[in-house]
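# Secondary and tertiary structure notes
Below are the chains, spelled out letter by letter.
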Amino acid sequence: DDDDASERDGRGRRASVDAVVIMCGLNDLKHSIVGRRSETFRTELRELVREVRDVVGDECVVVLPATPLEAATLFPPPLAWVATRMNDLWDEQKAHVSRLFAHNVLFVSKPSLDAMRERAAKHTGRVAESISLICGDGIHPNDDGYDAWARHIADECVPSLERALAAQK
């Protein structure tokens, strides 16, 4: 609603959204066990991006980051290799969706495990090799893991955000 005060900035102007990050993938991947295909995920993700853009506008950068499953310790080989390849297939769908839009939909490739540890080391001051990035469940990032992943995503988004903001002026 255009009259909703919660959607206005401190000067009474309609507030704008510079970026939306859509985190999806591994939990969506679990549906493949019951027959959901990567094409279905791609179609649903494309529709979600359209819905987001309907709300925030085409000048907002929509970010689709890849999931760094390699950091997970839950899956022993060879299951780890299968899970990683399946995750990569879902990430490929994110990249495909990003290419379907003319501008401001950005796929961010996943960081390497070493790069995530280096980012965490830089931020925490600890030795990179000693840093765990995963919670006790063996699959979800811990605070250091999420922080390193978020910093990677942010660094990759800077050029797109700068272009989008420049276009709005």
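Further up the page is the structure itself.
So, a few notes on the structure that sits alongside this text. Since we're looking at a predicted model, the values are computed, not measured.

## Some details on the side chain of Thr67
On the secondary structure map, Thr67 appears in the loop between β2 (61-65) and α3 (79-100). For Thr67, a relative accessible area of 12% translates into the label buried. Sequence-distant contacts of Thr67, that is, excluding residues within four places in its chain, are made with Cys24, Asn87, Asp91, Lys94, Lys110 and Trp149.

## A short note on the environment of Ile153
Here Ile153 is to be found in helix α5 (residues 143-168). Each C-alpha atom of the pair Ile153 and His123 lies 15 Å from the other, and the pair is 30 residues apart in sequence.

## Re the environment of Tyr146
Tracing the sequence through the fold places Tyr146 in helix α5. Residue classification places Tyr146 among the partly exposed residues on the basis of a relative accessible area of 40%. Along the chain, Tyr146 and Leu133 lie 13 residues apart, while their C-alpha atoms are 7.7 Å from each other. With residues up to four places along the chain from it excluded, the contact list for Tyr146 reads His140 and Pro141.

## Things to note about the sheet that holds β2
The parallel open sheet is built from 3 strands, whose spatial order is β1-β2-β3. The sheet terminates laterally at β1 (19-21) and β3 (105-108), the two strands that pair on one side only. Each adjacent strand pair in this sheet contributes to an overall mean axis angle of 20°, direction not counted. Sheet topology note: the β2/β3 ladder contains 4 bridges and is parallel. Pairing of Val63 across the sheet is with Leu106, part of β3. Across the sheet, α3 is in contact with β2 and β3; its angle to β3 comes to roughly 155°.

## Points about the packing of aromatic side chains
Applying the stated criterion across every chain yields a total of 2 aromatic pairs. With 6.2 Å between their ring centres and 20° between their planes, Tyr146 and Trp149 make a pair best called stacked. Of the two residues, Tyr146 and Trp149 both sit in helix α5, 3 residues apart, roughly one turn of that helix.

## Here we look at helix α2 (residues 38-56)
Here α2 contains 19 residues, and its C-alpha end-to-end distance of 27 Å stays within 8% of the 27 Å for a straight helix at 1.5 Å per residue. Those residues of α2 that sit buried are Ser38, Phe41, Leu45, Val49, Val52 and Arg53. Each buried residue of α2 lies within a common arc of 105° when the element is viewed along its axis, so the set occupies one face. Exposed side of α2, more than 90 degrees from the buried face: Glu51, Asp54 and Val55 are the residues found there. Looking at the residues trailing α2, positive phi occurs at Gly57, about 95°.

## Digging into helix α4 (residues 113-124)
Along an α-helix, a turn takes 3.6 residues, which lines up residues three or four apart on a common side. Helix length check: α4 (12 residues) gives 16 Å between terminal C-alpha atoms against 16 Å at 1.5 Å per residue, within 8%. Turning to α4, its buried residues number three or more, namely Met116, Ala120 and Ala121. Along the axis of α4, the buried positions cluster into a sector of 135°, meaning they face one direction only. Residues of α4 that are exposed and point more than 90 degrees away from the buried face comprise Asp114 and Lys122.

## Let's talk about the packing of α4 against α5
At their nearest, the axes of α4 and α5 sit 9 Å apart, and the two run at 105° to each other. Our classification of the angle between α4 and α5 gives roughly perpendicular. Taken together, the residues of α5 that come into contact with α4 (itself represented by Met116, Arg119, Ala120, His123 and Thr124) are Asp144, Gly145, Asp147, Ala148, Trp149, Arg151, His152 and Asp155. Residues of the contact of α4 with α5, tallied by class, amount to 4 nonpolar, 4 polar and 5 charged.

About the criteria used
Throughout, a residue's number is its position along its own chain's written sequence, starting from 1. Reporting in this predicted model follows two pLDDT cut-offs: at least 70 for local features of residues, and 80 or more for side-chain atom pairs to be given and counted; totals over whole chains, interfaces and linings ignore these cut-offs and use all residues. Water and hydrogen atoms were dropped before computing side-chain values, which therefore reflect all heavy atoms in the structure. Under the DSSP-based scheme used, a helix requires at least four consecutive residues in state H or I and a strand at least two consecutive residues in state E, with every element numbered from the N terminus. Exposed residues in this analysis have more than 50% of their type's maximum accessible area, buried residues have under 20%, and partly exposed residues fall in between, with area computed by a 1.4 Å probe over protein chains only. By the convention used here, residues are in contact when the closest approach between their heavy atoms is within 4.5 Å. Any two strands between which DSSP finds at least two bridges are classified as paired. An axis is simply a line fitted to the C-alpha atoms; with a helix, the fit covers only the stretch in contact. Between two such axes, the angle follows the N-to-C directions and lies from 0 to 180 degrees. Between 30 and 60 degrees the pair is tilted, below 30 it is stacked and above 60 it is edge-to-face, where a pair is any two Phe, Tyr or Trp rings, Trp via its six-membered ring, whose centres lie within 6.5 Å. Under the convention used throughout, the expected extent of a helix is 1.5 Å for every residue step, that is, one less than its residue count. The directions considered for the arc are those from the helix axis to the C-beta atoms. Each angle gets one of four labels, with under 35 degrees taken as roughly parallel, over 145 as roughly antiparallel, 65 to 115 as roughly perpendicular, and the rest as oblique. Asp, Glu, Lys and Arg are counted as charged, while Ala, Val, Leu, Ile, Met, Phe, Trp, Tyr, Cys and Pro are counted as nonpolar; the rest, among them Gly, fall into the polar class.

Interpretation note: all reported values are geometric properties and have no functional meaning in isolation.
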